[in-house]
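Geometric and topological summary
Now for the letters of each chain:
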Amino acid sequence: MSLSDFIELPDVKARFKAEFPKPKLDLKQEILAAAPNGSNVQLVGTVFDYLLRFYIKYQNPHAEESEWIAEYALRHFNRRGQNDLFNQAKNVIDQARNNYQEFLTNGQFTNELLQSALLLGRLDAVLRAGYIHDGWETINEQDIQDLRNLVSLLKPELFKCSEKTILNPTWPNAARLVRAADGDLIVHDLLVDFKTLKELKLGLRDFHQLMGYYTLSVIQRTLQKDAIELKRLAIYYSRFAVLYEFNVRDVVNFETFPSFLDWFIARAQQYSGYTLIN
């Protein structure tokens, strides 16, 4: 269970919809990297998130990193006493770390790096679903081609910066309210979510996810005074190489937001069983 699950609860979805007016996305762009037949588009989306964060770290060595989500799978297998899967996952992560370090020296998306990222994405899925399929280490060549098409669209000017940069940001205290939540990227006061979609549109679920992150960030600031104050939100549409950005002040009514915040905390505490302590 996580923020994604929480915002889909009927009463939560209705409250978000009433509180936050969804902006209109007025961008026109043909798809540049359509998924090839046979590609697992859901998996590719997860994997591309890894690759884009790798790329941003290469462009910005000062970027702050945290533990990979896939590494949590090691603890999952260890808790369940699944020693064979633990050893397989550890080998995957160790190899991925080696390939990642090589990438940071040359910026080359090698087949070995793409394959490692695919396996990291599969380990991510373990944490979402709670189980792993047989043959999970099998590599689909259509997925590799899909990823190569996506990374070919990356533009240095979109992601190179000198500002404070955080990869895979979390809001450690606030996120416990919804059991788990992790974003993709924060640059200065901008939060960016990565989406590998076949359509260039701002769906309600994706918008609510951004607003959920924003709400958690506000809660975190009440607990941690040096936490980043988000002023802008964005989605990078990877199949279109488009970054869509809007200001927080355009979607947040600062007169009604305090009441919404109180409701959010109370509802999330009911959802997770976690009591927020100031």
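In this report, the structure presented in the accompanying data block is examined. (Residues numbered from 1 in each chain as written. Predicted model: local features only at pLDDT ≥ 70, side-chain atom pairs only at ≥ 80, totals over all residues. Heavy atoms only, no water.)

Quick notes on the overall build of the chain
Within the chain, the secondary structure is distributed over 10 helices and 5 strands. For 278 residues, the compact-globule estimate of 2.2 N^0.38 gives 19 Å, and the chain sits close to it at 19 Å. In terms of overall dimensions, the chain has a C-alpha envelope of 50 × 50 × 35 Å along the principal axes. Looking at the 278 residues of the chain, the share that counts as buried comes to 50%. Sequence separation of 24 or more characterises 76% of the internal contacts of the chain that already satisfy a separation of 6 or more. Here the chain has roughly 13600 Å² of accessible surface; of this, 46% comes from carbon and sulfur atoms. Measuring between centres, the 32 positive side-chain charges of the chain sit 4 Å from its 35 negative side-chain charges. (Helix = DSSP H or I, 4+ residues; strand = E, 2+ residues; numbered from the N terminus. Rg over C-alpha atoms; globule rule 2.2 N^0.38 Å. Buried < 20%, exposed > 50% of the residue type's maximum accessible area, 1.4 Å probe, protein only. Contact = heavy atoms within 4.5 Å. Areas by Shrake-Rupley, 256 points an atom, 1.4 Å probe, with all protein chains shown as cover. Lys, Arg positive; Asp, Glu negative; His and termini not counted. Charge placed at Lys NZ, Arg CZ, Asp CG, Glu CD.)

Here's the deal with the nonpolar core
In globular proteins that are soluble, nonpolar side chains generally tend to be buried together. In terms of nonpolar packing, the biggest core is built from 51 residues, with L51, L52, F54, F109, L123, L154 and Y236 touching the most fellow members. Elements with a minimum of two residues in this core: α3 (41–59), α4 (72–79), α5 (83–106), α6 (111–129), α7 (141–151), β2 (185–187), β3 (190–195) and β4 (232–237). In terms of residue count, α3 provides more of this core than any other element does, 10 residues in total. Discounting residues that sit within four places of it in the chain, F109 has contacts with L51, Y55, F103, L114, R148, V151 and L154. Formed by 46 residues, the second largest nonpolar core is a distinct cluster that contains I166, L200, Y213 and L261. (Core = buried A, V, L, I, M, F, W, Y, C linked by side-chain atoms within 4.5 Å.)

Points about the pairing of β4
Taking burial as the measure, the 6 residues of β4 include 5 buried ones, the bulk of the element. Note that β3 and β4 share 6 bridges and pair parallel. Across the sheet, residue F194 finds its bridge partner in β4, namely Y236. What joins β3 to β4 is helix α9 (residues 204–223), and the crossover it makes is right-handed. Direction of pairing for β4 relative to strand β5 (residues 242–247): antiparallel, over a ladder of 6 bridges. Its bridge partner lying in β5, L233 is registered against F246. Taking the residues between adjacent antiparallel strands as the criterion, β4 and β5 are bridged by 4 residues, where A241 takes a positive phi near 55°. (Pairing = 2+ DSSP bridges. Right-handed = clockwise from strand over helix to strand, strands pointing away.)

Brief notes about the packing of helix α2 (residues 10–19) against helix α10 (residues 257–272)
Running from amino to carboxyl end, α2 crosses α10 at an angle of 170°, the nearest separation of the two axes being 12 Å. One way to sum up the angle between α2 and α10 is to call them roughly antiparallel. Of the two possible hands of crossing, α2 and α10 adopt the one that is left-handed. Across from D11, V12, R15, F16 and E19 in α2, the residues of α10 making contact are F257, S259, F260, W263, F264 and R267. Grouping the amino acids of the contact of α2 with α10 by side-chain chemistry returns 6 nonpolar, 1 polar and 4 charged. (Axes fitted to C-alpha atoms, helices over the stretch in contact; angles between N-to-C directions. Parallel < 35°, antiparallel > 145°, perpendicular 65-115°, else oblique. Left-handed = near helix turned anticlockwise from the far one by under 90°. Nonpolar A, V, L, I, M, F, W, Y, C, P; charged D, E, K, R; others polar.)

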